[in-house]
Amino acid sequence: MDDKLLKARKARIRSIIRSAFKFLYPLRYLLLIAATVLLVLLLRHRKQQILFGHFEEHFADVTHKSREFKKIDYHNYEQIQNDLNRVGPGEQGKPATLSPEEATSELRKELYYKNGFNALLSDKISINRSIADLRHPSCKLKSYRSHLPIASVVVPFYEEHWSTLLRTIYSVLNRSPPHLLKEIIIVDDGSTKEFLHNKLEDYVKQNLPKVKLVRQPERTGLIKARLAGAKIASGDVLIFLDSHTEAGYNWLPPLLEPIAENPKTCVCPLIDVIDDQTFDVHPQDEGGRGLFDWTFHYKRVVIKNEDRISPTEPFPSPVMAGGLFAIGADFFWELGGYDEELDIWGAEQYEISFKIWQCGGRMLDAPCSRFGHIYRTYSPFPNSRKYDFITRNHKRVAEIWMDEYKQYIYDRDPERYAKTDAGDMSKMKTIREKLMCKPFKWFLQEVAPEIIELYPPVEPEPYASGSIQSVADSSLCIDTMQRGRGEPIGLYPCSNSLIEPTNHNQYFVHSWHRDIQHKYGEGCFDVPQSKPGSPVTIFTCHMHQGNQFFQYDHKTQQIKRNGVCIDSDPHAKEVYVNPCDTNSITQRWRFGSINLKLLKQWKTYGAKFM
């Protein structure tokens, strides 16, 4: 009986299984999908728990509200449209001109001599003029945090022209979200021009409620003037500007947001060029990494590929270009501000850059923040000191921040540095020790490794140097002609010595970078175009060959580059390129000194070919 019951139960179970199988088999794909979805949901839930635990630990002292970063568009579209409709000299950043009578007037010459730029033309341009929008188009679509720190802008000035100073102030006021701009502090560093006294004070009181005017009792220099303004600033962020600049559209939020994300951040805008003759505004470049060589000349190289996230994202830069930057006020003073013993100007960009990186901070360039800057043809202000303050400043920075690498700076000019007293450095050295700042070796390895590669501490021997003498007319040598960047070189009567010419405009170095450098400047021979008759110009050395690549052929005495050679017209005293012709005597040149051994090793010695 029991066996029959057991068999019946087994038969019933088999029947149920067969029925279930017949029912579920047509649904097999649907069940597989459902199981997969369930598994994904379970895994996602587990990952969220892990991430939540991680961020809870990371933001242990931060409220939930502060983690909600709402983004908004800060553009003032009404203002941008109104600016597009403006008509007048220099509007939209376009070049302006004087009348023929004004251009040749004594007043224009007088104002140019006093300011180093076309100040008479500046007075014809509105102090509220519209600017060229040189940002990448993607910047116009970018939003920023709705809650950003408040800024104080510090603008030191010395003998600044009236219209350029006011244009700087109004450009900042007009193109800043009002609630993000606490104040503009203008610091007069002992100016003597009459209109910068009572007239300026009255104008500020009557028209510029957000502007504070601070007076230094005597000329103390750019660095101390910046510090004087920073000491009375009350904003969360300090922004330092020069007194002949113009703010671009929506310039402020891109500087503030990286500081909101990390308070130990310094952010620099991209700097465009305001032409000193026409006030045309045009881009300098689309960003680059700031470096230096061992003579403390500022250098600029291309952005690293890994930093090219997008044309709108800030990217790290080892050394700032100059005096336009934003930094958290607390972090600035934690670093000791500027070294107060740096006199007048010079080396301050290296000092602040080194201490930011070595003492736990970071420095970024923000492509969506742009400023126009007038680069003077010459400095109109006499030296207010009776000693070499620039060398003293350089030595202070080297002694305090560069450790054993300071010797490479001194080796470039041993006599000058040996006789220079850097002064008392105990205050800055104490700050460095207190903040446990990293060694300079770390800066070179982690922040700016290109410096060792592009500018070796011990400079390799050049291929040739000295004057470059024309074979067609041995009385003439290549000369910079004291022309500006991007201007053509020419021919001029040779200096007495060809090996070490006393005329510094004729002293060139055919360097291991495979370029031809001006020994007493930062320029290199540059050929923007290779078509016949194109001029050879002087442009800032970039060490990446390209249009600055040259090879001296000691056999033919030609200076070659990619199928063309440097040619000349001795009568017109012009220098240009033409297709190479070994029969052309005007393409033949003699260097004052050549290293024949290195020239024969052209393929194996020198910088790698690019």
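Here, every reference points to the structure presented above.
Residues numbered from 1 in each chain as written. Predicted model: local features only at pLDDT ≥ 70, side-chain atom pairs only at ≥ 80, totals over all residues. Heavy atoms only, no water.

Here we take up the packing of aromatic side chains. Applying the stated criterion across every chain yields a total of 35 aromatic pairs. Ring centres of Y405 and F440 lie 6.0 Å apart, and the angle between their planes is 55°; this geometry places the pair in the tilted category. Here F440 lies in helix α17 (residues 440–447) and Y405 lies in the loop between α13 (389–401) and α14 (406–411), a separation of 35 residues in the sequence. A centroid spacing of 6.4 Å and a plane angle of 65° characterise the contact between W602 and F609, whose relative ring orientation is edge-to-face. Counting every residue linked through ring pairs, the aromatic cluster contains F292, W294, F296, Y350, F354, Y405, Y408, F440 and F443. Its guanidinium or amino end placed over the ring of W442, K438 lies 4.8 Å from that ring's centre, counting from NZ or CZ. (Phe/Tyr/Trp six-rings, centres within 6.5 Å; stacked < 30°, edge-to-face > 60°. Helix = DSSP H or I, 4+ residues; strand = E, 2+ residues; numbered from the N terminus. Lys NZ or Arg CZ within 6 Å of the ring centre and 35° of its normal.)

In this section: the pattern of salt bridges. Side chains carrying opposite charge are able to pair once their charged atoms draw close together. Scanning the model with the defined rule gives 29 salt bridges in all. The residue D285 makes a salt bridge to R300 at a minimum N-O spacing of 2.8 Å. Of the two residues, D285 sits in the loop between β9 (281–282) and β10 (289–292) while R300 sits in strand β11 (residues 298–301), which places them 15 residues apart along the sequence. Note on D285: relative accessible area 25%, which makes it partly exposed. One salt bridge in this structure joins R416 and D388, with 3.9 Å as the shortest N-O distance. Pair noted here: R416 is in helix α15 (residues 414–418) and D388 is in the loop between β14 (362–374) and α13, with a separation of 28 residues, a long-range link. Salt bridges sharing partners connect three or more residues here, namely D188, E201 and R215. (Salt bridge = Lys/Arg side-chain N within 4 Å of Asp/Glu carboxyl O. Buried < 20%, exposed > 50% of the residue type's maximum accessible area, 1.4 Å probe, protein only.)

With that out of the way, let us pick up the side chain of D83. Within the secondary structure layout, D83 lies in helix α3 (residues 77–84). Buried within the structure, D83 lacks any salt-bridge partner; R175 is the closest side chain of opposite charge, at an N-O distance of 4.2 Å. Other than its neighbours up to four places away in sequence, D83 contacts Q92, S130, R175 and Y249. (Lys, Arg positive; Asp, Glu negative; His and termini not counted. Contact = heavy atoms within 4.5 Å.)

For the rest of this paragraph, the subject is unusual backbone geometry. In the Ramachandran plot, A347 falls in the positive-phi region, its phi being about 80° despite a non-glycine side chain. Residue placement: A347 occurs in the loop between α11 (329–334) and α12 (348–358). Even without glycine at this site, D403 takes up a positive phi of about 50°. Position of D403 relative to the elements: it lies in the loop between α13 and α14. Of the residues examined, D403 reaches a relative accessible area of 24% and is grouped as partly exposed.

Judged from the 4 bridges that link them, β10 and β11 form a sheet pairing that is antiparallel. Residue pairing for β11: F292 is matched across the bridge by Y298. The hairpin turn running from β10 into β11, its antiparallel successor, is 5 residues long, and F296 in that turn takes a positive phi close to 60°. (Pairing = 2+ DSSP bridges.)

Now for the nonpolar core. Ranked by size, the top nonpolar core spans 63 residues in total, and within it F292, W294, I327, F354 and F443 carry the most contacts. Discounting residues that sit within four places of it in the chain, F443 has contacts with F292, P318, V319, F354, W357, Q358, A448 and I451. V155, Y203, L241 and A247 belong to the second largest nonpolar core, which has 40 residues in total. (Core = buried A, V, L, I, M, F, W, Y, C linked by side-chain atoms within 4.5 Å.)

For the pair α13 and helix α16 (residues 426–434), interaxial distance at closest approach is 10 Å and the crossing angle is 30°. The angle between α13 and α16 places the two elements in the roughly parallel class. For the pair α13 and α16, the crossing hand works out as right-handed. Between α13 and α16, the residues in contact are E399, I400 and W401 and M428, K429 and R432, respectively. (Axes fitted to C-alpha atoms, helices over the stretch in contact; angles between N-to-C directions. Parallel < 35°, antiparallel > 145°, perpendicular 65-115°, else oblique. Left-handed = near helix turned anticlockwise from the far one by under 90°.)

Another point: empty space enclosed by the protein. If a probe as big as a water molecule is rolled over the atoms, it shows which places are left empty. Scanning the entire structure with this criterion turns up 1 cavity of 30 Å³ or more. Approximately 60 Å³ is the volume found for the largest cavity. The wall of the largest cavity is formed by 13 residues, among which I131, A132, G248, D272 and R370 lie closest to the centre. Take the lining of the largest cavity: its biggest share by element is 3 residues, from β14. (1 Å grid on protein atoms, 1.4 Å probe; cavity = no way out; pocket = protein on both sides within 12 Å on 5 of 7 lines; lining within 4 Å. Points joined across faces, edges and corners; volume = space filled by probe spheres on them.)

With that settled, the discussion passes to the state of the cysteines. Scanning all chains against the criterion turns up 5 disulfides. Shown here is the disulfide that connects C477 with C494, its sulfur atoms set 2.0 Å apart. As the torsion about the S-S bond is roughly 100°, the C477-C494 disulfide counts as right-handed. Highlighted residues: C477 in strand β16 (residues 476–479) and C494 in the loop between β17 (490–493) and β18 (508–510), separated in sequence by 17 residues. Two residues share a disulfide in this structure: C524 and C541, whose sulfurs sit 2.0 Å from each other. (Disulfide = S-S within 2.5 Å.)

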